[in-house]
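Architecture and fold: a report
Read off the chains here:
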Amino acid sequence: MARPPLFPDQSAAGIAVDPRTLERVIPESKRSDGTVRKQLKIRPGFTPQEDVSRFRGSRQQAMDATALPKGHILGWVAPSAA
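Just so you know, these numbers come straight off a predicted model, no measurement behind them.

1. Some points on the overall build of the chain
- Looking only at helices and strands, the chain has one helix and five strands in total.
- Secondary structure elements of the chain, listed N to C terminal, follow the sequence β-β-β-β-β-α.
- Residues counted as buried form 10% of the 82 residues belonging to the chain.
- Counting contacts in the chain only where the partners sit at least 6 residues apart, residues at least 24 apart contribute 18% of the total.
- Accessible surface, the chain: about 8,000 Å² in total, of which carbon and sulfur atoms supply 57%.

In structure tokens, the structure reads:
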């Protein structure tokens, strides 16, 4: 069985999965004065505002999928390297 990672991936809000208990937690951290913040458990199903993606309608998603790269000029073809 593979070992869990020492430093698990964190979300934008700093939530990680505890490798021992497999619960979502905010890991303990150290303040600038040297004291330690306790590890916080996150309720199942809770999603903080920082982790919620911005709503994109179906038309907006379609436009994003077909958008050209920034600076692209329609009809321009790069010269061949001869």
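2. What to know about the sheet that holds strand S5 (residues 40–41)
- The three strands are arranged S1-S2-S5 in an open sheet whose pairing can be described as antiparallel. The open sheet is flanked by strand S1 (16–17) and S5, the only strands paired with a single partner.
- Pairing of strand S2 (residues 24–26) with S5 involves two bridges; the strand directions are antiparallel. The residue bridging Val25 from the neighbouring strand is Lys41, located in S5.

3. Describing the environment of Pro27
- Note that Pro27 resides in the loop between S2 and strand S3 (29–30).
- Residue classification places Pro27 among the partly exposed positions, given a relative accessible area of 29%.
- Separated by 14 residues in the primary sequence, Pro27 and Lys41 have C-alpha atoms spaced 8.7 Å apart.

4. Remarks on the pattern of salt bridges
- In total, this model carries three salt bridges according to the counting rule given.
- With a shortest N-O distance of 3.8 Å, Asp18 and Arg20 are connected by a salt bridge.
- Residue Arg20 is classed as exposed on the basis of its relative accessible area of 71%.
- For Arg56, the salt bridge identified is with Asp64, shortest N-O distance 2.7 Å.

5. Overview of the side chain of Asp18
- You can see Asp18 is positioned in the loop between S1 and S2.
- Judged by relative accessible area, Asp18 falls into the buried class, the value being 9%.
- Once residues lying within four places of it in the same chain are set aside, the contact partners of Asp18 are Glu23, Val25 and Gln39.

6. What about the confidence of the model for the chain?
- Here the chain shows a mean pLDDT of 83. Residues at 70 or above account for 88%.
- Least confident of the elements in the chain is S1, whose mean pLDDT is 86; most confident is strand S4 (residues 36–37), at 93.

7. Overview of unusual backbone geometry
- Backbone geometry places Leu22, a non-glycine residue, at a positive phi of 60°.
- Turning to its location among the elements, Leu22 is positioned in the loop between S1 and S2.
- Residue classification places Leu22 among the exposed positions, given a relative accessible area of 65%.

So, how was this worked out
- Per-chain numbering applies: the sequence of each chain, read as written, is numbered from 1 onward.
- Whole-chain, interface and lining totals are the exception, using all residues; otherwise, since this is a predicted model, local features are given only for residues with pLDDT of at least 70 and side-chain atom pairs are given and counted only at 80 or more.
- Note that water and hydrogens are dropped before the side-chain values are worked out from all heavy atoms of the structure.
- Only DSSP runs of H or I with at least four residues qualify as helices, and only runs of E with at least two residues qualify as strands; both kinds are numbered from the N terminus onward.
- For each residue, the accessible area found with a 1.4 Å probe, counting protein chains only, is set against the maximum for its type, and the residue is called buried under 20%, exposed over 50%, and partly exposed in between.
- Note on contacts: a residue pair is in contact if any heavy atoms of the two residues lie within 4.5 Å.
- Only the protein chains shown count as covering a residue, and every accessible area follows the Shrake-Rupley method with a 1.4 Å probe.
- Note on pairing: two strands pair once DSSP finds at least 2 bridges between them.
- Here, a salt bridge means any Lys or Arg side-chain nitrogen found within 4 Å of an Asp or Glu carboxyl oxygen.
- Per-residue confidence from the prediction method is given by pLDDT, with values spanning 0 to 100.

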